[in-house]
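Next come the chains, spelled out residue by residue.
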Amino acid sequence: MGAFFTNVHVCARGLDQRTVRARLIDELRQWATGQGFREAKPGDDVDRRLFIGPAGDWIGIFDDECEAQDTNLLEELASTSSRIASAPAIAALIHDSDILELRLAQKGKIVDRYSSWPDYFGPVSARKKRQLAGAPKKWAPVLKSGSSVEDLGEILGSKTKAAEQVLADVAGLCGIEGNRIFAGSRYLESYVGNPQDAGFEVLELVLINKPVFEPIDSDQPPAFSQLAVQDRLELFVGQPLE
């Protein structure tokens, strides 16, 4: 089984990085609590954590909720972070070490999308493939000195490199240092140790309205019963419901 992880990195190069980070912490707290969460209190069972990395050229953000591989939520986190920081942001998703998804956000909007395997979950149109091919010229503002859009185009166009190698190469062109680009919130401790000791701000959140499960008053073992009959429905991950 391969790796599954997501992350967002905000480009604070040339900015007041401490101020950018402080804004991210404050406004991402508001963003998350606006989604039906509240900040955890001592003794609470935590339902969601957001990790905001230390100040630097790139500030990493790792969200438990995005680890479900929900690209819509990941795009929202990237675009929201870009708006807060008034800076570009990159979102990355690795699925089973097979697929790399990248998103580029600028001025609070997603401006480019890339998928290393757009038809992994089933056929997609030629138009959709073009939309997910990546537009290297749009990435020029996030490339470090000495990197070129031609270099990026060659990497994104590779048909032989593994998904995580493509991610590593893109991170190198952008100047995202270290191995945190390979971390999601679940893997973060494996890469940085204790996040708080490593300078991360940890936002711990609790669902306001948690599901309530009623106890079953029965001394009989569980059993399935048929309540209705319908045609067999086959679905696969990533298929839109219509």
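Right above here is the structure, for reference.
Residues numbered from 1 in each chain as written. Predicted model: local features only at pLDDT ≥ 70, side-chain atom pairs only at ≥ 80, totals over all residues. Heavy atoms only, no water.

(A) Quick look at the environment of Leu102. Its place among the elements puts Leu102 in strand E6 (residues 99-106). Given the relative accessible area of 1%, Leu102 is considered buried. The sequence separation of Leu102 and Leu132 amounts to 30 residues, and the corresponding C-alpha distance is 9.0 Å. With sequence-adjacent residues up to four places away left out, Leu102 is seen in contact with Ile90, Ala91, Ala92, Asp112, Arg113, Tyr114, Trp139, Leu156, Leu167 and Val170. (Helix = DSSP H or I, 4+ residues; strand = E, 2+ residues; numbered from the N terminus. Buried < 20%, exposed > 50% of the residue type's maximum accessible area, 1.4 Å probe, protein only. Contact = heavy atoms within 4.5 Å.)

(B) Quick look at the pairing of strand E7 (residues 109-115). Pairing between E6 and E7: 6 bridges, direction antiparallel. Note on E7: the bridge partner recorded for Glu101 is Ser115. Between the antiparallel neighbours E6 and E7 lie 2 residues, among them Lys107 with a positive phi of about 55°. (Pairing = 2+ DSSP bridges.)

(C) Structural context of the packing of helix H4 (residues 149-156) against helix H5 (residues 163-174). One can describe the packing of H4 onto H5 by two numbers: an axis separation of 10 Å at closest approach and a directional angle of 170°. Between H4 and H5, the angle is such that the two are roughly antiparallel. Taken together, the residues of H5 that come into contact with H4 (itself represented by Asp151, Leu152, Ile155 and Leu156) are Val166, Asp169, Val170 and Leu173. Here the residues of the contact of H4 with H5 are counted per class, giving 6 nonpolar, no polar and 2 charged. (Axes fitted to C-alpha atoms, helices over the stretch in contact; angles between N-to-C directions. Parallel < 35°, antiparallel > 145°, perpendicular 65-115°, else oblique. Nonpolar A, V, L, I, M, F, W, Y, C, P; charged D, E, K, R; others polar.)

(D) Region of interest: the packing of aromatic side chains. All told, the structure shown has 4 aromatic pairs when counted by the stated rule. With a centroid separation of 6.3 Å and 85° between ring planes, the pair formed by Phe5 and Tyr187 is classed as edge-to-face. Here Phe5, found in strand E1 (residues 5-11), pairs with Tyr187, found in the loop between H5 and helix H6 (188-192); they are 182 residues apart in sequence, far enough to count as distant. Note on Phe5: relative accessible area 1%, which makes it buried. Judged by relative accessible area, Tyr187 falls into the partly exposed class, the value being 29%. Taking 6.0 Å as the distance between ring centres and 55° as the angle between the ring planes, the aromatic pair formed by Phe62 and Phe200 counts as tilted. With Phe62 in strand E4 (residues 58-63) and Phe200 in the loop between H6 and strand E8 (201-207), the pair connects residues that are 138 residues apart, well separated along the chain. The residues Phe62 and Phe200 share a single accessibility class, namely buried. An aromatic cluster is present here, built from Trp117, Tyr120 and Phe121 joined pairwise through their rings. Over the ring of Phe37 we find Arg48, and its NZ or CZ is 5.1 Å from the ring centre. (Phe/Tyr/Trp six-rings, centres within 6.5 Å; stacked < 30°, edge-to-face > 60°. Lys NZ or Arg CZ within 6 Å of the ring centre and 35° of its normal.)

(E) A look at the sheet that holds E8. Ordered in space as E2-E8-E3-E4-E1-E5-E6-E7, the 8 strands form an open sheet in which the pairing is antiparallel. The open sheet has two free edges, formed respectively by strand E2 (37-39) and E7, since each of these has just one partner strand. The sheet shows a mean angle of 20° between the axes of neighbouring strands, direction not considered. Relative to strand E5 (residues 89-95), E1 runs antiparallel, the two sharing 6 bridges.

(F) Structural context of the state of the cysteines. The final tally for this structure, using the stated rule, is 0 disulfides. This cysteine, Cys11, is not joined by any disulfide, and Cys174 carries the nearest cysteine sulfur, 7.9 Å off. Take Cys11: its relative accessible area is 5%, and that puts it in the buried class. Assessed through its relative accessible area of 1%, Cys174 is described here as buried. (Disulfide = S-S within 2.5 Å.)

(G) Structural context of the nonpolar core. In this structure, Val8, Leu24, Leu28 and Leu50 are the most contacted members of the largest nonpolar core, which totals 28 residues. Counting only elements with at least two residues in this core, the list comes to E1, helix H1 (17-33), strand E3 (48-52), E4, helix H2 (71-85), E5 and E8. Filtering out sequence-adjacent residues up to four positions away, Leu24 remains in contact with Val10, Arg29, Ile59, Ile61, Ser81, Ile84 and Ala85. By size, the runner-up hydrophobic cluster in this structure holds 26 residues, among which are Phe5, Leu100, Val166 and Leu173. (Core = buried A, V, L, I, M, F, W, Y, C linked by side-chain atoms within 4.5 Å.)

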